[in-house]
Number of protein chains: 4
Amino acid sequence: MSEVLRVAMIGHGFMGAAHSQAWRNAPRFFDLPRPVSMDVVVGRDAERAREAAARYGWASSASDWREVVARDDIDLVDICTPGSSHAEIAVAALAAGKHVLCEKPLANTVSEAVAMADAAEEAARRGVFAMTGFTYRRVPAITLAADLVRRGEIGEVRQARAQYLQDWLSDAEAPLTWRLQRDEAGSGALGDIGAHIVDAVQFVTGQTVTTVSGTTRTFVAERPLPSGGRGEVSVDDAALFTGKLSGGGLATFEASRMASGRKNALRFEISGTAGAIAFDLEDLNTLQVFRFADGETAGFRRVLVTEPGHPYVAAWWPPGHLLGYEHGFTHQVVDLVRGIEKGEQPRPSFGDGLWVQRVLAAVERSAADDTRWTSVAESR
Amino acid sequence: MSEVLRVAMIGHGFMGAAHSQAWRNAPRFFDLPRPVSMDVVVGRDAERAREAAARYGWASSASDWREVVARDDIDLVDICTPGSSHAEIAVAALAAGKHVLCEKPLANTVSEAVAMADAAEEAARRGVFAMTGFTYRRVPAITLAADLVRRGEIGEVRQARAQYLQDWLSDAEAPLTWRLQRDEAGSGALGDIGAHIVDAVQFVTGQTVTTVSGTTRTFVAERPLPSGGRGEVSVDDAALFTGKLSGGGLATFEASRMASGRKNALRFEISGTAGAIAFDLEDLNTLQVFRFADGETAGFRRVLVTEPGHPYVAAWWPPGHLLGYEHGFTHQVVDLVRGIEKGEQPRPSFGDGLWVQRVLAAVERSAADDTRWTSVAESR
Amino acid sequence: MSEVLRVAMIGHGFMGAAHSQAWRNAPRFFDLPRPVSMDVVVGRDAERAREAAARYGWASSASDWREVVARDDIDLVDICTPGSSHAEIAVAALAAGKHVLCEKPLANTVSEAVAMADAAEEAARRGVFAMTGFTYRRVPAITLAADLVRRGEIGEVRQARAQYLQDWLSDAEAPLTWRLQRDEAGSGALGDIGAHIVDAVQFVTGQTVTTVSGTTRTFVAERPLPSGGRGEVSVDDAALFTGKLSGGGLATFEASRMASGRKNALRFEISGTAGAIAFDLEDLNTLQVFRFADGETAGFRRVLVTEPGHPYVAAWWPPGHLLGYEHGFTHQVVDLVRGIEKGEQPRPSFGDGLWVQRVLAAVERSAADDTRWTSVAESR
Amino acid sequence: MSEVLRVAMIGHGFMGAAHSQAWRNAPRFFDLPRPVSMDVVVGRDAERAREAAARYGWASSASDWREVVARDDIDLVDICTPGSSHAEIAVAALAAGKHVLCEKPLANTVSEAVAMADAAEEAARRGVFAMTGFTYRRVPAITLAADLVRRGEIGEVRQARAQYLQDWLSDAEAPLTWRLQRDEAGSGALGDIGAHIVDAVQFVTGQTVTTVSGTTRTFVAERPLPSGGRGEVSVDDAALFTGKLSGGGLATFEASRMASGRKNALRFEISGTAGAIAFDLEDLNTLQVFRFADGETAGFRRVLVTEPGHPYVAAWWPPGHLLGYEHGFTHQVVDLVRGIEKGEQPRPSFGDGLWVQRVLAAVERSAADDTRWTSVAESR
């Protein structure tokens, strides 16, 4: 039980940095049931992988993920590569008996995601677990939101409205990076940030999106290539969709990278029969809570989610001290290790990640079909 | 020119009270180009009309609008009745050479609205003008928003997101009033509050909604009748739709009477290539303005729209003193009288009101057609 | 009982406009126990008084307040002149058996205010009442705040922090009007806006300020005279003081006309043993309420004070519709007329106004005495 | 130059945890000019020190700070003990040629702080540096605020208003810990949180507080002892003071642990001739900036201080990703190491810390002297 959990991380970009911070911090602030060791980081370029190991605190580096996945002395593979390689690595790692943490979106296509979820389900029967990295679930205010809804504090959910607004593409001269090319990125705002709000709404409401009607839009068709000249943007700048929730509610979603003035505004508001909750990632330590039962002085309560009784908070600093973006990654690692130790499937599972992929695919199908209502379950 | 403008008001419910306050206040705070007199208020019940005259400050009362419209000594007819009677009254009044102010929504059906717009267009050629009562256009912050967009302060408009959120139907035991019955109310949240956000987005962006995809929902199917027993709710509780703007932008709309904790939250945010603006009617004296050009200290500016240079404000109180809901009605009357005196069509015209009706009708058609994209111009 | 209450208003500047709006509106929205008639407005310049009568709705005008006060057919005198003339008019009117409404500050000196309060006390024994025009008490959110404190909703009051922040003197080239000259204005920010926060704190906490320590400051010593040249500023730009409350609490006050970016920010926060309330006049329809008893989801509730159960609100518009600056004046008139009819002293009385004057005078004495603690009761 | 900087930390409570996080993170996110090693943590209880070393990442532990300070292989001593021991440790460490980082408040008495500042000044001449741990200076929004003021963006500073509001003592039954006993804690809210707002105002304005007038208050005189029974509270619950700034401005300060509903509200607003800035630690990633030059759309800009051009931000995450409470500690360590490498005195120096102590002592002297204006320079 107290054997060390040896971790390998594949990829060391932005997400690799965030995951490394999580692995370093988890044992410093939380009582993990099992020690972890940051054994190896993997990157295609051996020199850059070596530098990443030094900077991020991994004991060693490697350049071939297949070799690493095959090693007997690795217990968990943390996948931080672009979406196009997720399926191959995850399926191999699970087959090799490694636990897997995989960044979102689970894959670039539904069929890849299906393969991953199948592999995960099979592995789980052997006590080997896979988790999708929707880290925002573990922002304390969002976890608290889900707890409140589950306990019935806002009654039955009727409506959800969710937005993820950024503005880094408002400038028509912003360069055409790989994120704006379909073959590499899969999709644009839809998959990158739309995925987060689909997961958040499903997590907080405890319901799934079953049917969608939506549209996507590319406002700037051509952009300067980093290499010179101009190229065609092949992904969406914004995606707008409406979804039916499995519990009978309605949800609206907007993902945009052209919402001038909004930097990282993942927002949602859930309206229930007895109250409501609202959240904004640009003010991530607070949760707004409304209850009709408050009567004459009912109003959205601005709850600073920094009290010891709030999820995850006690492990960090005294009451009233704010956490940042990165802390959710630590909570994710903590819950993953705890799940592994208890032999319980950590959430979001690959199945959860697959469903988000199906929703995104259904939005694209609806957009291609005159915005008609489109079944999520039928996404392939 | 300085002859008195003699006004008759038909209907004296909530809107009649607000319009009366406007007629009383306009000459006290603004220099009208022509004196106005509040000659007669009309209501079916003679006794209640008499009381309304006394309470609201009309010189006399009457119970037959047809007689009043036929009077030679009336110059302007202000229609504050439910939507089902708008067309008949307005068309008759215009035919009789009276200027008309008509509450929104212009009518309960597109065909009625078409008749009204045709009559108004014909009358305008004779110098007789009709105006639709989308009073929120004249909340100073909204007028300022439109001014800023027209002047290019936020660049080219790409996206609009608009909501009108209320919660008075969250309670499933709230009674089944006439507003929840289709034959009297036309539609539910869609026509009542959705109409306002369609007009607001069109007004502020200076563009029209040309195509929509939408859905409506009734969450509570049966409610207690005021008379006892239960009856079927035949209008929507919420309407969600996406629209294409004539200038190439995309807009999203939500109208809901079940958004727990929101009382009168008419909100919009317009994202442009150079900045953005945002507004919330629950904080109606402020406008949020974002400009990329602010550089390092760019951020939404919370502009208190209470300075003498702001629209309409100088007529009221010194800088920093807040206005309320009712003041927009006064501004509406002021602009109407000024338009009449100048011989210029006041906006929103009946044509503007008709287009909003077409949008609402297109939403219902889309909702009935699997949420498909639906042309607004084809609404009949 | 139902005899008309005939009103004379002395002065017709900014306050005269606001009071006129109140007299006009009160009977339209509230059921007054007695009809009121706006009989005469008085101004030194006969021509301008005539114009004021026409604009503001008074039946006639006059230029000599003494004659008007002596008239048998006047029941109530509403004093809207500068502070230096309050005492003479009010004492004469009360002696003549007229009810009096007097704008704040009650007088320019404590001794004048004492004479007024004495006259009012004597008159009250004859059923003739005097009221000081601290109109902000009747902003619904402030009235609600006082109600909540009185009912013990925030427990025992420990601290109050109050600010009245404006910025119209930030510009060192703003002109030297009469408001910046001691002989006319009495004092600067202290008397003009500091008076409001002293009254607000006393009203909401139900306690009086008994002892103060304070300082005042003139940041810009010379300003351009409207007539050309430059003159010396002889009043304070800002006043800062701490006060002990009669119930054992501590209060801090700041009045400044140089708080850049703040236009009319009358703010207070009251901390009690069980909770707290906070208010800002720049967002006057909301009240922030905190209660420890809310437990895990405790946070300041943003209460939109626009529901029918809230003070004064039901008389106006449906739920969720905002009121503005001017509405408090109407509530003031309503309560005054009701008090007169019931034979009950309306608050704030002249005695209440006198105490505020004593507090302001004590602040100036403390400022002149090295900021030492200074007894309010000893102000003369 | 690239020799390792070997660090010893004395004390491992809340501040020790925060400093450890800083030492661990600094080299992972910033390019330090010199590698650092976390060599030893010191605590009186050897067993607990050992545990702290393991948890916080120190290579070893020790129980006698004198021995550690005497070691040749230690370059820097980081003092995280209670204030009463700061002077002895810091003076010894500086004498031994160690750089020193010392938590605030610098000492419990002015005379101790003087000794420390003298020692630091002497050491600085030898290239050995001491720094006071006012970490909030390095919250990016506060650093940006100071930058903006220094660049003249808000003009000349006239007024500062600062508050540090907490509510953990609102409950009269909260226990009587060492923090509430004068002999151990020195003072209450004044020294603990008041110190922070004095430093913040001085840092952001670039001016010092020269004279103060203030009062302190203990609202709850007796509290339950953790050991049972009740004991007397010998420190203040709240401190209120006004200060004159060296540049001619006025500042107000409030420190309270009884501000119900406020958890960690370190707030300040600086009013200048050309604009203003405002900050709240409960929303620490944003800065409010007002500029008169914004004209018609002037209003406080809500700047999300998460852009690459903002202080410290580029080292962490992409734009729009929030930082938390702890990040300022990392920035502090980074600037300390850089200062040491460059041979430049890092700020705040011990002299800066001493001045804050003098201000606090002057407040207590003023409070004891009927709140009279009291010179800060004369504090001993």
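Residues numbered from 1 in each chain as written. Chains lettered and ligands numbered in written order. Predicted model: local features only at pLDDT ≥ 70, side-chain atom pairs only at ≥ 80, totals over all residues. Heavy atoms only, no water.

## Structural notes on the overall build of chain A
Point 1. When helices and strands are tallied, chain A shows 10 helices and 17 strands.
Point 2. Taking 21 Å as the expected radius of gyration for a compact globule of 380 residues, we find that chain A reaches 21 Å, a close match to that expectation.
Point 3. Its C-alpha atoms give chain A principal-axis dimensions of roughly 60 × 55 × 35 Å.
Point 4. Relative to its full complement of 380 residues, chain A shows a buried share of 66%.
Point 5. When contacts within chain A are restricted to residue pairs at least 6 apart in sequence, those whose partners lie at least 24 apart make up 69%.
Point 6. When the accessible surface of chain A is summed, it comes to about 12300 Å², and 48% of that surface belongs to carbon and sulfur atoms. (Helix = DSSP H or I, 4+ residues; strand = E, 2+ residues; numbered from the N terminus. Rg over C-alpha atoms; globule rule 2.2 N^0.38 Å. Buried < 20%, exposed > 50% of the residue type's maximum accessible area, 1.4 Å probe, protein only. Contact = heavy atoms within 4.5 Å. Areas by Shrake-Rupley, 256 points an atom, 1.4 Å probe, with all protein chains shown as cover.)

## Let's talk about the relation of the copies chain A and chain B
Point 1. The operation relating chain A to chain B is a screw motion whose rotation component is 180°, with 0.0 Å of axial translation and a residual RMSD of 0.0 Å. Considering both components of the superposition, the chain copies are consistent with a two-fold axis. When C-alpha positions in chain A are compared against the rotation axis, the closest is assigned to A:R372, at 2.5 Å.
Point 2. Comparing interface residues between copies, 100% of those in chain A also lie at the interface in chain B; the contact surface is shared. (Least-squares fit on C-alpha atoms with pLDDT ≥ 70 in both.)

## Here's the deal with the interface of chain A and chain B
Point 1. Tallying the contact residues gives 45 residues for chain A and 45 residues for chain B.
Point 2. For the pair chain A and chain B, the summed buried area comes to about 3500 Å², and 52% of that belongs to carbon and sulfur atoms.
Point 3. Put simply, chain A and chain B have four salt bridges between them.
Point 4. Its salt-bridge partner being B:R161, residue A:E254 comes within 2.7 Å of it at the nearest N-O pair.
Point 5. Seen at the junction of chain A and chain B, the total is 23 residue pairs in polar contact (both at pLDDT 80 or more).
Point 6. For the side of chain A that touches chain B, the secondary-structure elements that each account for two or more residues are strand 7 (157–165), strand 8 (209–217), strand 11 (238–245), strand 12 (250–256), strand 13 (265–272) and strand 14 (275–280) of chain A.
Point 7. At five residues, strand 7 of chain A tops the list of elements feeding residues into the side of chain A that touches chain B. (Buried area = accessible area lost by both parts, 1.4 Å probe. Salt bridge = Lys/Arg side-chain N within 4 Å of Asp/Glu carboxyl O. Polar contact = N/O pair within 3.5 Å; in protein donor to acceptor, adjacent residues only side chain to side chain.)

## Considerations on the relation of the copies chain A and chain D
Point 1. Expressed as a screw operation, the relation of chain A to chain D combines 0.0 Å of axial shift with a rotation of 180°, fitting to an RMSD of 0.0 Å.
Point 2. Comparing interface residues between copies, 100% of those in chain A also lie at the interface in chain D; the contact surface is shared.

## Considerations on the environment of A:V139
All names here are of chain A.
Point 1. Examined against the element boundaries, V139 turns out to sit in the loop between strand 6 (130–133) and helix 6 (140–150).
Point 2. Taking C-alpha positions, V139 is 8.1 Å from H331, a pair spaced 192 residues apart along the chain.
Point 3. Sequence-distant contacts of V139, that is, excluding residues within four places in its chain, are made with F279, L281 and L284.

## Quick notes on the interface of chain A and chain D
Point 1. In this assembly, 36 residues from chain A lie in contact with 36 residues from chain D.
Point 2. Both sides together, the interface formed by chain A and chain D hides about 3000 Å², and carbon and sulfur atoms give 53% of it.
Point 3. Summed over the shared surface of chain A and chain D, the result is two salt bridges.
Point 4. D:D31 is paired through a salt bridge with A:R55; the nearest N and O atoms lie 2.6 Å apart.
Point 5. In this assembly, chain A and chain D are joined by 18 residue pairs in polar contact (both at pLDDT 80 or more).
Point 6. Listing elements by their share of the side of chain A that touches chain D, those giving two or more residues are helix 1 (14–29), helix 2 (46–56) and strand 16 (300–304) of chain A.

## Remarks on the pattern of salt bridges
Point 1. Per the counting criterion, the structure on display carries 120 salt bridges over all chains.
Point 2. For A:R151, the salt bridge is made with C:E296, and the minimal N-O distance between the two is 3.2 Å. One end of the pair, A:R151, is in the loop between helix 6 and strand 7; the other, C:E296, is in the loop between strand 15 (286–291) and strand 16 (300–304), on a second chain.
Point 3. The exposure class of A:R151 is partly exposed, given its relative accessible area of 46%.
Point 4. Within the structure, one salt-bridge network assembled from shared partners comprises A:R6, A:R34, A:D75 and A:E341.

## What about the sheet that holds strand 2 (residues 36–42) of chain A?
Residue and element names in this part refer to chain A.
Point 1. The strand order across the open sheet built from six strands is 3-2-1-4-5-6, with neighbouring strands paired in parallel fashion. Each end of this open sheet is capped by a strand with a single partner; those strands are strand 3 (60–62) and strand 6. Taken pair by pair, the neighbouring strands of this sheet meet at an average axis angle of 20°, ignoring direction.
Point 2. Of the pairings in the sheet, the one linking strand 2 to strand 3 comprises three bridges and is parallel in character. The partner of V41 across the bridge, within strand 3, is S61.
Point 3. Contacts between helix 10 (residues 350–368) and the sheet are confined to strand 5 (99–103) and strand 6, with strand 6 contributing the most and set at about 40° to the helix. (Pairing = 2+ DSSP bridges. Axes fitted to C-alpha atoms, helices over the stretch in contact; angles between N-to-C directions.)

## Description of the UniProt feature "domain: Gfo/Idh/MocA-like oxidoreductase N-terminal" (unreviewed entry) in chain A
Point 1. Within the UniProt annotation, "domain: Gfo/Idh/MocA-like oxidoreductase N-terminal" (unreviewed entry) is assigned to residues 5–126 of chain A.
Point 2. The distance from the first to the last C-alpha atom of residues 5–126 of chain A is 17 Å, and the span holds 48% helix and 20% strand. (UniProt positions renumbered as here; feature names shortened; annotations may be inferred.)

## Looking at the packing of aromatic side chains
Point 1. Using the criterion set out here, one finds 52 aromatic pairs over all chains in the structure.
Point 2. Aromatic pair C:F268 and C:F279: ring centres 5.4 Å apart, planes at 25°, arrangement stacked. With C:F268 in strand 13 (residues 265–272) and C:F279 in strand 14 (residues 275–280), the pair connects residues that are 11 residues apart, well separated along the chain.
Point 3. Three or more aromatic residues joined by ring pairs make a cluster, and in this case those are A:F14, A:Y136, A:Y164, A:Y325, A:F329, D:F29, D:F30, D:W316 and D:W317.
Point 4. Over the ring of A:W373 we find A:K244, and its NZ or CZ is 4.4 Å from the ring centre. (Phe/Tyr/Trp six-rings, centres within 6.5 Å; stacked < 30°, edge-to-face > 60°. Lys NZ or Arg CZ within 6 Å of the ring centre and 35° of its normal.)

## Regarding the domain arrangement of chain A
A common way to state how big an interface is: give the accessible area lost once the parts meet.
Residue and element names in this part refer to chain A.
Point 1. Here the domain parsing of chain A yields domain 1 (5–136) and domain 2 (137–346 + 356–374).
Point 2. Taken together, the 38 residues of domain 1 in the interface contact 43 residues of domain 2.
Point 3. Counting each side, the surface lost to burial between domain 1 and domain 2 is near 3700 Å², with a carbon and sulfur contribution of 69%.
Point 4. The largest share of the area that domain 1 buries against domain 2 comes from F30, F134 and Y136, three residues that together contribute 25% of it.
Point 5. Here domain 1 and domain 2 share two salt bridges between them.
Point 6. Ionic pairing is found between E341 and R34, a salt bridge with its closest N-O pair at 3.3 Å. (Domains from an automatic or database assignment.)

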